[in-house]
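Architecture at a glance
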Amino acid sequence: MLDLFEYQGKQYFARFGIPVSPGGVACTVDEAAAAAEQAGYPVVVKAQVQVGGRGKAGGIKLANDAGEVRTHAGNILGMDIKGHRVERVWVEHASDIDEEYYASFTLDRAAKQHLLMLSAQGGVDIEDVARTDPAAIVKLHIDPVDGFPEATARRAAVDAKLPARAQDGVAAILVQLYDCFTKGDCDLAEINPLILKPDGQVHALDAKVSLDGNAAFRHPEWEEFGETEVLDERERLAKEKDLQYIGLDGSVGIIANGAGLAMSTLDVVNQVGGAAANFLDIGGGANADVMAAALDVINHDENVRSIFVNIFGGITRGEEVAKGIVEGLSRVELRAPIVIRLDGTNAEEGRQIILDAGIPADKLITKPTMLEAAREAVRLANGSEGGG
Ligand code: GDP
Ligand code: MN
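Computed from a predicted structure; not experimentally measured.

What to know about the pattern of salt bridges
If you walk through the whole model with that rule in mind, you get 22 salt bridges. In this structure, the salt-bridge partner of Arg15 is Glu221, at a minimum N-O distance of 3.7 Å. In this pair, Arg15 sits in helix α1 (residues 6–15) while Glu221 sits in the loop between β13 (208–211) and α7 (223–226), placing the two residues 206 residues apart along the sequence. The class of Arg15 is partly exposed, set by a relative accessible area of 42%. Glu221 gets classed as partly exposed once you look at its relative accessible area, which sits at 28%.

Below is the structure:
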């Protein structure tokens, strides 16, 4: 699943004809001033982070001239909003607002149908509306086979008690949003607030879009979104080195070959009372370069207290992996001891290579089975209280 920033979501909306305000994205104060010039004053300067409630956190400011844009962009860039550092702002032409609504499409997996939610109470958390005034949210299931014709959209607008002068505009945008949701392969397409302007036009003032990762093969144009995905330091490094890596919160670093084995390794670590620090699949080519890169990535994780290398030799032969580990260890000064389980093709030769390397036992331990290796890795990660 790929979560888009507001500005990316708006660019995505625009492809499906949904009206959004003109604007530009900026990483510096100068760029923000240039974007404001393009958009036309007054403008709003908006922090681009993937959390809601940016306004309350001081991440959304109105600016009437270049001086104000510079002040606000300077304050917002680098700001921390609920643990997210603001790297970019979106600067768009400010809108006059008469009313704020809420609209979204999601997939109701249980019902195997699409779900429209529409409310006249927008601009606030929809969860709050759901709690305080659930009747204010119109929920409508849509059979994907039937689609979502304009007449249905209009009825939803009426049911949501939107004023007559907003109904046409809202219905038109709902049809476009459904198009974006289905043809655009979204898991979520949300507009909050969807605004009614004094001149009667309806318009998306915010955008929250999650793309369905499984459909990425149909969308080469999504590449550009991936480049701005928020990666932590470990994930950035792994991506650079072409490794399949997902950062987790535990203390046992994991390296395995093959996604299936990596998943089982996570499970077995959990079973014996540990918690994985990551998921790292080195795939088929477990040579010295790949192994050194994998160890390097894991070494960047301050939470790691032990490293569990779980390899089942198949196409990747045991002695190749062993050479990789020995060579990798000579290149990287590890922060934590390694526990190795090596099985499959040429495992015996592999174990011999590791033994011959003469690596001290406080740095490297080999165990014959996955379970024993997991126990040892968890014991090391949990320290003395681990009951060793
Ligand atoms: P969020 O709170 O992080 O979801 O950010 P939003 O983009 O939804 O903006 C929050 C609120 O800021 C909106 O509900 C509006 O009330 C206000 N706001 C944002 N853009 C504009 C604008 O162009 N004009 C005006 N008048 N208010 C805006
Ligand atoms: Mn919003």
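Some details on the nonpolar core
One finds Tyr12, Phe13, Phe105, Leu118, Val170, Leu174 and Leu211 to be the most contacted residues of the largest nonpolar core, which totals 41 residues. Examining the composition of this core, we find that 9 residues originate from one element, helix α6 (residues 164–183), more than from any other. Residues within four places of Tyr12 in sequence aside, it is in contact with Leu4, Cys180, Gly184, Cys186, Val209, Leu211, His219, Glu221, Trp222 and Phe225. By size, the runner-up hydrophobic cluster in this structure holds 30 residues, among which are Ile307, Ala322, Ile338 and Ile340.

What to know about the site of ligand 1
Near ligand 1 you find 15 residues, and of these Lys46, Arg54, Ser95, Glu100 and Asp206 are the closest. Within the side chain of Lys46, a nitrogen or oxygen atom sits 2.6 Å from an oxygen atom of ligand 1. Taking Asn192, its main chain carries an N or O atom lying 3.1 Å from an oxygen atom of ligand 1. When each cavity is represented as a set of grid points, ligand 1 is found to reside in the largest pocket. Elements with a contribution of two residues or more to the shell around ligand 1: β3 (43–47) and β11 (186–196). When its residues are assigned to classes, the shell around ligand 1 shows 6 nonpolar, 5 polar and 4 charged. Here the shell around ligand 1 gathers at least three residues from each of two domains, domain 1 (22–93) and domain 2 (99–226).

Conventions and cut-offs
Residues numbered from 1 in each chain as written. Chains lettered and ligands numbered in written order. Predicted model: local features only at pLDDT ≥ 70, side-chain atom pairs only at ≥ 80, totals over all residues. Heavy atoms only, no water. Salt bridge = Lys/Arg side-chain N within 4 Å of Asp/Glu carboxyl O. Helix = DSSP H or I, 4+ residues; strand = E, 2+ residues; numbered from the N terminus. Buried < 20%, exposed > 50% of the residue type's maximum accessible area, 1.4 Å probe, protein only. Core = buried A, V, L, I, M, F, W, Y, C linked by side-chain atoms within 4.5 Å. Contact = heavy atoms within 4.5 Å. Near = heavy atom within 4 Å. Polar contact = N/O pair within 3.5 Å; in protein donor to acceptor, adjacent residues only side chain to side chain. 1 Å grid on protein atoms, 1.4 Å probe; cavity = no way out; pocket = protein on both sides within 12 Å on 5 of 7 lines; lining within 4 Å. Sits in = over half its atoms within 2 Å of the grid points. Nonpolar A, V, L, I, M, F, W, Y, C, P; charged D, E, K, R; others polar. Domains from an automatic or database assignment.

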